[in-house]
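# A look at the structure
Here is how the chains run, residue by residue.
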Amino acid sequence: MKNLFALITLLFSFYASAQNSGSIKGVTLDENNVPVAGATVHIASLSKGEVSGFDGTYLIQDIPEGTYNIVFSYLGYETITKSVSVISGQTVEVNATLMESASMLSQVVVTANKKPQKMTDVPATVNVISSKDIKEHVGFNVGELAAREKGVDFVRTGVLGTGINIRGFNSAFNSKNLQVTDDRLSTLIATGLPLGTFATVTTDDIEQVEILLGPNGTLYGPNAHNGLISTRTKNPFTSEGTTLALGGGNQKVFTARLRHAQVVSDKFAFKFHFERSQGEDFEYVDSVYVGTTAYKELELDRDFDTQKYGAGLYFRPTSSSELIGYYGHSNNNNLAVTNAGRNQIKDWSIDVAQLKYISKHFFANVNYTWSNTDDTYAINQRTQNYVSFINNGFSEEEALARSYTEQWFPTGPDTGIVLPRGAVFKDASRRFNSELQYNNSWGNFDLTVGAQYQLDMADSKGTYLLDAGGIDIGQTGFYAQTEYSLPDSGWGFLLGARLDKHDLYGSNFIPKAAITKAVGEGQFRLTYGRGIAVPSILNLKGNLFGGLVLGNGEGFTLSNGNKVAPLEVESINTYEVGYKGKIANKLYIDANAYYNQSENFISPLRTITDAANGVVVTHVGDKPIDEVVPGSNGAVILTYQNFGKVDTYGFDLGLNYYFSNAFRATLNYSYFGRDLDKNDPANDGNLDGQVLESELPVNTPANKLAVGLHYSKNKFYGSIFGRWVQDYDFFSGIYTAAETQDLNGDGVDDVIENARNGRSWNYGPLGGFTVDANVGYYITDGFSVGASVTNLFNAEVREFVASPVIETLFSVELKYQVNFFNKKSATN
């Protein structure tokens, strides 16, 4: 009887609770009255919310009686807030019409905390390249839009090649800025370099690009060191239709692209995309020096092409969960700049496969990457090899054939020996990634916890790695992040931490903290973040030129008993203050100031032996040198070591003024500086007893400024953008781009402009002023024509080493968009 009474009491309490609460339902639409699926509908004061379903509908139940602000948000659209009164036992209907984002404050970003957030709620500096920006961009390389963002060093190496760096220490082999696409790494396996044009996604399938400035390693792991670039593609449930684009321009540029997305039912949707782009790079030949004599790059091929295709299948088990499968492929032929000369990329292909599950509280992701090339080669090394044979009487045919793998070293008038100096890079590397995450909210407290695992399986087929027995390197990371907000006072607090364990360089702890204060229509923030840049597999397991250059993943033992320590991670600690918000009618600001402490840089190649005095390498790790490199006596070994400590600082300022919703002016300014202690021997990169600027080069302009005007209304859109980069010196590997100067103070110029400097020609500092413009017109609702011009006034500007002056580039593109199925569930 007692149990029955307890059960009745419990049921009555549930009933009474239901009578004291109500519900909110409604539908989310776009400006064309088409349902928006996947929109977030949230009541902040209750930490309660839902995601709109396939038909745009949502239902939030068990809401205590009262008046609440309900927030509607979706990527690429303005965030709107509506007030609603909930009555016990009743369901109130609240519908929302979402408009494309017109101001920076209304934009929604995902990357910073791995969840949708309004821009002003994110405790970080985030640049957003929106779906509208991408839609109005003419061309196949969306990376060009990064040139317009604050805090970003954008460089162009030719017609195709572009690069991005954030907050200093750029190089011709830069892997300090992590790039991800749809939660999978967009980097090469062995080198860690960003995929760039190797990526399998196409411009027309990109929803949004988010560029985070500063370390973001807590949630994303190693190499989110100076910053993070995240690309998110379109969901077919919310982007149904077909897009066909055809374009062309000077330098024989041609692009053809196709994207199709279709909703099959309220459970299934799919998409596929294809691209073929090609052209010819500028007429520029880099000098290859053998001794003091310059030679032209051997058999230089300036033609480039890329072919991509991919498909995604989307399944929704429930209205608030999604299972996504994706496969993508790209094949590439082009020129690429490195620290030791340019590479001739030959049929380098990338394949990715991904399975991802997303729900309200759980996220799971597994993906696999294949990298393949057999014929890519280093032009500089191959040219030197060729010259060694030609200069010693070998025929043209034999010199060309042997230039891929060997170099002739003369020992007498008619005698010599063959040295293994392979120029060919083969790659058959693989990578497996997985992640499991849980997130939840209790009142004003949010929690995110997760684990990531990565297994790199590098295979150069013996051409540039110590991979005779295969290279399998694993790393595991565990992270947790908490957020606590006080809505009434506007204060917010964030605390996060990550522990990474790597097979070679051990464990690393990566903390993160932030305090925010909402004031009016803006937010002040104070943040701390730590980042690490990990040595690449090439740094750890490299084997170049027959064992002359070896990676330092396990350390070395010398014949005199000395030890050379293995490489550790490079680290950075960043302290930042910032504000973003509305400071006057129609004027918006995003500003920050930061201070970085960096240490443990990876040195240039150092000779660790002294054969003249009998000091040779005896062991690599715990293995004898001749077991690691058959036939080697360890007499001459070059490798990498950690060194140096430097503090850097700077600030970024972004201003946007809206004359109207259609017309906007933009100003972005960035400053970067550093303190280098030249009296600290730890900063001596080449161990010559002197600390020079060229040993820890910033490779970043002190000042850069960009100003733009943007207009988009009805059927017309256009923009014009001016970008000034203050002249700056750049030192990387064999390359120098700098003004004439005396580095060591001995009265003799070590660097000479417009002259040979070591193994390269110094054309002088990088930087300059350029103007870009684009314009477009919708002939019909679905058919548009667009045109763009890069370097409108043909200014003589060289943006990178081993690269040509960037001449004027123009292109024209026709784009047709149509939805043959006319599903009312789609938004474009």
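Presented here is an overview of the structure given in this document. (Residues numbered from 1 in each chain as written. Predicted model: local features only at pLDDT ≥ 70, side-chain atom pairs only at ≥ 80, totals over all residues. Heavy atoms only, no water.)

## A look at the overall build of the protein chain
Formally: Strands are runs of DSSP state E lasting at least 2 residues, helices are runs of H or I lasting at least 4, and numbering of each runs from the N terminus. The atom set for the radius of gyration is the C-alpha atoms, and the globule formula is 2.2 Å times the number of residues raised to the power 0.38. Relative accessible area decides the class of each residue, using a 1.4 Å probe on protein chains only: under 20% of the type maximum gives buried, over 50% gives exposed, and in between gives partly exposed. Residues count as neighbours in contact if any of their non-hydrogen atoms are within 4.5 Å of one another. Here the accessible surface of atoms and residues is derived via Shrake-Rupley with a 1.4 Å probe, and residues count as covered only by protein chains that are part of the display. Lys and Arg are tallied as positive, Asp and Glu as negative. Neither His nor the chain termini are counted. By convention, the charge on Lys lies at NZ, on Arg at CZ, on Asp at CG and on Glu at CD.
Check the secondary structure of the protein chain and you find seven helices and 56 strands. Scaling as 2.2 N^0.38, a compact globule of 828 residues should have a C-alpha radius of gyration of about 28 Å, and the protein chain matches this with 29 Å. Viewed in the frame of its principal axes, the protein chain has a C-alpha envelope of about 105 × 70 × 50 Å. Counting the 828 residues in the protein chain, one finds 57% classified as buried. The contacts in the protein chain between residues at least 6 apart in sequence include a share of 64% that link residues at least 24 apart. Counting every atom, the protein chain has about 34,100 Å² of accessible surface; 56% of that belongs to carbon and sulfur. Separation between the mean location of the 65 positive side-chain charges and that of the 88 negative ones in the protein chain comes to 7 Å.

## Re the sheet that holds strand 2 (residues 40–43)
What holds strands together in a sheet is hydrogen bonding between their backbones, with the strands either parallel or antiparallel. Note the following rule: Criterion used throughout: strands pair if DSSP finds at least two bridges between them. Each axis is a line fitted through C-alpha atoms, and for a helix only the stretch in contact is used; angles between axes span 0 to 180 degrees, taken between their N-to-C directions.
Within the open sheet, the four strands sit side by side as 3-2-5-6. Their pairing is antiparallel. Looking at strand neighbours, the two that pair on one side only are strand 3 (48–51) and strand 6 (80–86), the edges of this open sheet. Sheet twist, expressed as the average angle between the axes of neighbouring strands with direction ignored, equals 20 degrees. Two strands pair when backbone bridges link them, and strand 2 and strand 5 (residues 66–73) are joined in this way by three bridges, in the antiparallel orientation. Pairing of Thr40 across the sheet is with Ser73, part of strand 5.

## What about the packing of aromatic side chains?
To keep things clear, this is the line we draw: Any two rings among Phe, Tyr and Trp, with Trp reduced to its six-membered ring, count as a pair given centres within 6.5 Å; such a pair is stacked if its planes are under 30 degrees apart, edge-to-face if over 60, and tilted if neither. Lysine NZ or arginine CZ positioned within 6 Å of the ring centre and within 35 degrees of the ring normal marks a charge as sitting over the ring.
Applying the stated rule across the entire model yields 28 aromatic pairs. For the cation-ring pair, Arg382 lies above Tyr404, with the distance from its terminal atom to the ring centre recorded as 3.9 Å. The ring of Tyr763 has Arg798 lying over it, and the distance from NZ or CZ to the ring centre is 3.8 Å.

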